[in-house]
Amino acid sequence: MEDRFTTLRDTTINASIRSAPFFEGLPESAIEKAIAHVVMRNHPANQVILLENDWGSSVYFILSGWVKIRTYNLDGKEVTLNILGKGELFGEMAPLDEVPRSTDVITLAPTVIGNMPAQDFVQLLGSEPEAGIRLAQLMARRLRQVNRRLRLRESDSTSRVADILLFLADGQGKRSPSGTEIPNLPHRELSSLSGLARETVTRVLSKLEKKGLIVRDRDVLCIPDAHALERLMI
């Protein structure tokens, strides 16, 4: 019975980690070697996965759920830098430059994470040029997102909230017959992402909903027409 349970568990880990876009198209032998020591862990909501200044012994793949990447400004106020979901990875920088972690990572919902030993990740990058390209593309996309948000810091509140919703749709959006679906995050998280007061975020979301630009359910926020939302920022 134990052997059967172990086999089922290993099969689940194998299938889940392989579904990450990072591994798409890589040679089978390279994937097998890279994921050989991956450990899958379940985490409840609001659990800290990484702390700033920790040393990096693992790279993490999100198999389900959501996490936020956070830091603090000089006044000690929490700043959310990013929201990541299924298929994304984090913790990849510390093993590469051998310095402590630069941010905290905390779960926003019950989350399943695959922990890959940092040395296996570095070996994969060294042996498979395509893996290095994938990582470079990931970093470039995240840098573009940050640059876009910085440019909008002086914009009006509606543009900034619209940009955050589009930012989440770009990274974690799922297509449905009704439009693009993203997690209906607490307003405090959207506040931290946009740099606006929570009350302002609440007011803007209500305005967008009345205009039909977003549709909110308990867990999901749907953007029926992303182009229409984007036109608010012009």
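Conventions used here
Residues numbered from 1 in each chain as written. Predicted model: local features only at pLDDT ≥ 70, side-chain atom pairs only at ≥ 80, totals over all residues. Heavy atoms only, no water. UniProt positions renumbered as here; feature names shortened; annotations may be inferred. Helix = DSSP H or I, 4+ residues; strand = E, 2+ residues; numbered from the N terminus. Pairing = 2+ DSSP bridges. pLDDT = per-residue confidence, 0-100. Contact = heavy atoms within 4.5 Å.

A.B. asks: Account for the UniProt feature "domain: Cyclic nucleotide-binding" (unreviewed entry) in the protein, naming residues and giving values.
C.D. replies: When the UniProt feature table is mapped to this numbering, "domain: Cyclic nucleotide-binding" (unreviewed entry) covers residues 22-142. Note that residues 22-142 is 30% helix and 36% strand, and that its end C-alpha atoms are spaced 14 Å apart.

A.B. asks: Explain the sheet that holds strand E10 (residues 179-183) to me, using residue names and the numbers behind them.
C.D. replies: With antiparallel pairing, four strands are arranged side by side in an open sheet as E9-E10-E12-E11. Strands with a single pairing partner mark the edges of an open sheet, and in this sheet they are strand E9 (174-176) and strand E11 (215-216). The pairing of E9 with E10 spans three bridges and is antiparallel. Pairing of Arg175 across the sheet is with Thr180, part of E10.

A.B. asks: So what's going on with the confidence of the model for the protein? Which residues, and what values?
C.D. replies: Averaged over all residues, the pLDDT of the protein equals 85, while 94% of them reach at least 70. Ranking the helices and strands of the protein by mean pLDDT puts helix H8 (residues 198-210) first, with 95, and helix H1 (residues 2-18) last, with 58. Every residue in residues 1-8 scores below 50 in pLDDT, and together they form zero contacts with partners more than four places removed in sequence or on other chains.

A.B. asks: Tell me about the UniProt feature "domain: HTH crp-type" (unreviewed entry) in the protein, and name the residues and values.
C.D. replies: Within this structure's numbering, the places UniProt gives as "domain: HTH crp-type" (unreviewed entry) are residues 155-227. Split by type, residues 155-227 is 53% helix and 19% strand. Its first and last C-alpha atoms lie 18 Å apart.

A.B. asks: Help me get a handle on the environment of Thr71, residues and values and all.
C.D. replies: You can see Thr71 is positioned in strand E4 (residues 66-72). Taking the C-alpha atoms as reference points, Thr71 and Asp104, 33 residues apart in sequence, are found 6.1 Å from one another. Those residues within four positions of Thr71 in sequence are excluded, and the remaining contacts are Glu52, Lys77, Glu78, Val79, Leu81, Ser102 and Thr103.

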